[in-house]
Amino acid sequence: MTRLFTLCMIVLPSLLFCQSEGDFIFDKSYVHEFRFEADDPDLLSTLYENFLLTFEAPYIYTPVKAIIDGIEIDTVGLRVKGGISAFEPKKPLKIDFNYYNDAQKFDGLKKLNLHIMAYDTSMLREILAYNIMRTAGVKTCRTAYANVYINNEWQGLYLIVEQIDKTFLRNYFSDDEGSLYKNRVCQTVWESGEETMAHYDEMLEIVQNTPALELYEKLEPIMDTESFLKYMFLQLLTNTVDTPPSANCNYFIYHEPRSDLMTWIPWDLNLSFYYSDYSINFNPPGSFFKK
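Procedures and definitions
Residues numbered from 1 in each chain as written. Predicted model: local features only at pLDDT ≥ 70, side-chain atom pairs only at ≥ 80, totals over all residues. Heavy atoms only, no water. Helix = DSSP H or I, 4+ residues; strand = E, 2+ residues; numbered from the N terminus. Buried < 20%, exposed > 50% of the residue type's maximum accessible area, 1.4 Å probe, protein only. Contact = heavy atoms within 4.5 Å. Areas by Shrake-Rupley, 256 points an atom, 1.4 Å probe, with all protein chains shown as cover. Phe/Tyr/Trp six-rings, centres within 6.5 Å; stacked < 30°, edge-to-face > 60°. Pairing = 2+ DSSP bridges. Axes fitted to C-alpha atoms, helices over the stretch in contact; angles between N-to-C directions. Core = buried A, V, L, I, M, F, W, Y, C linked by side-chain atoms within 4.5 Å.

Here the focus is the overall build of the protein. Helix and strand counts for the protein come out as eight helices and 11 strands. Counting across all 291 residues of the protein, residues that qualify as buried make up 47%. Taking the contacts inside the protein whose residues are at least 6 apart along the sequence as the reference set, 62% of them involve residues at least 24 apart. Of the roughly 14900 Å² of accessible surface on the protein, a fraction of 57% belongs to carbon and sulfur atoms.

Structural data, given as structure tokens:
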């Protein structure tokens, strides 16, 4: 018994230390359950109406009670998210656990996304694309499936997608104090962290003014070129549209201060493996290195 107790004291702290935020909610071995409840009998309509009022931040969140895998969280912020997908009958959602309580998190996370896997009857494209990216070593979101209910009415099967924020940066980079950029409506803007566009502008200047044969050599000192090339190759391999190569949309870029490198982070991969079922004609507006 003494040996067993000693072993537990050695092993358990190691296991706890190895756990990172989100390990439970992104457990893919089962379908999770998200329930949102409010006194408003037309909660879904209210969420959608609030979405139509503000397409950009500051967004309108609605206070709801959340029950996730049987665990009750008294008040969280909930809103409809997305672009074209938000106009589908099934609404994509964003949960902000600390919107009404700065100290509140769930499984160490402040926010989560619930994607509807739009235009994908298989409901496999997005999760497969993220898994391929992660397996190849590209820093990107964790995912898992969930059944979603609003006021006890089943909304369907959703994909839980990790939020790209400071928690994400802590888990994937050596520090979280750098500048995070996001592509919004096909334009790259500052999102969080050190408020500067200088790192992005430097990369843009090199791309626009360097001969093609010299580009790799010029970019390597300021950009994680290995990760970037994997990201671009895998988007072409999986025929992922509505992304940088095809439509100049849907990505994050993070400047990590310690390495002084820019890293591209994939986002919104629901239009992956785009070979059948649904067709669309994209007319790219130009280089995806657009300011």
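In this section: the packing of aromatic side chains. Applying the stated criterion across every chain yields a total of 13 aromatic pairs. Aromatic pair Phe-34 and Phe-36: ring centres 6.3 Å apart, planes at 45°, arrangement tilted. Across this residue pair, the class does not change: Phe-34 and Phe-36 are buried. Seen in terms of ring centroids, Tyr-251 and Trp-264 are 4.8 Å apart; in terms of plane orientation they differ by 35°. Their pairing is tilted. With Tyr-251 in strand β10 (residues 251–256) and Trp-264 in strand β11 (residues 261–266), this pair connects stretches of sequence that are 13 residues apart. With respect to burial, Tyr-251 and Trp-264 carry one shared label: buried.

Before going further, it helps to spend a moment on the sheet that holds β10. Taken in spatial order, the four strands make up an open sheet running β9-β8-β10-β11, and their pairing is antiparallel. Each of the sheet's edge strands pairs with one partner strand only, and the pair in question is β9 (187–193) and β11. Looking at each pair of strands side by side, their axes are set apart by 25° on average, direction ignored. Set on the sheet, helix α7 (residues 225–237) makes contact with β10 and β11; between it and β11 the angle comes to about 25°.

Here the focus is the sheet that holds strand β1 (residues 32–37). Backbone hydrogen bonds hold the strands of a sheet together, and the pairing may be parallel or antiparallel. Taken together, the seven strands give a closed barrel; going around it, the order is β1-β2-β3-β4-β5-β7-β6, and neighbouring strands pair in mixed fashion. For this sheet, the mean inter-axis angle between neighbouring strands, taken without regard to orientation, is 40°. With four bridges connecting them, strand β4 (residues 93–96) and strand β5 (residues 111–115) associate as antiparallel partners. Each bridged residue has a counterpart across the sheet, and for Ile-95 the counterpart in β5 is Leu-112.

On to the nonpolar core. Among the nonpolar cores identified, the biggest contains 38 residues, and Ile-164, Tyr-200, Met-203, Met-223, Ile-253, Trp-264 and Ile-265 are the most heavily contacted of them. Of all elements in the fold, only α3 (125–135), β7 (153–162), α4 (166–172), β8 (179–184), α5 (198–209), α7, β10 and β11 reach the threshold of two or more residues within this core. Of the residues forming this core, the biggest block, five residues, is contributed by α5.

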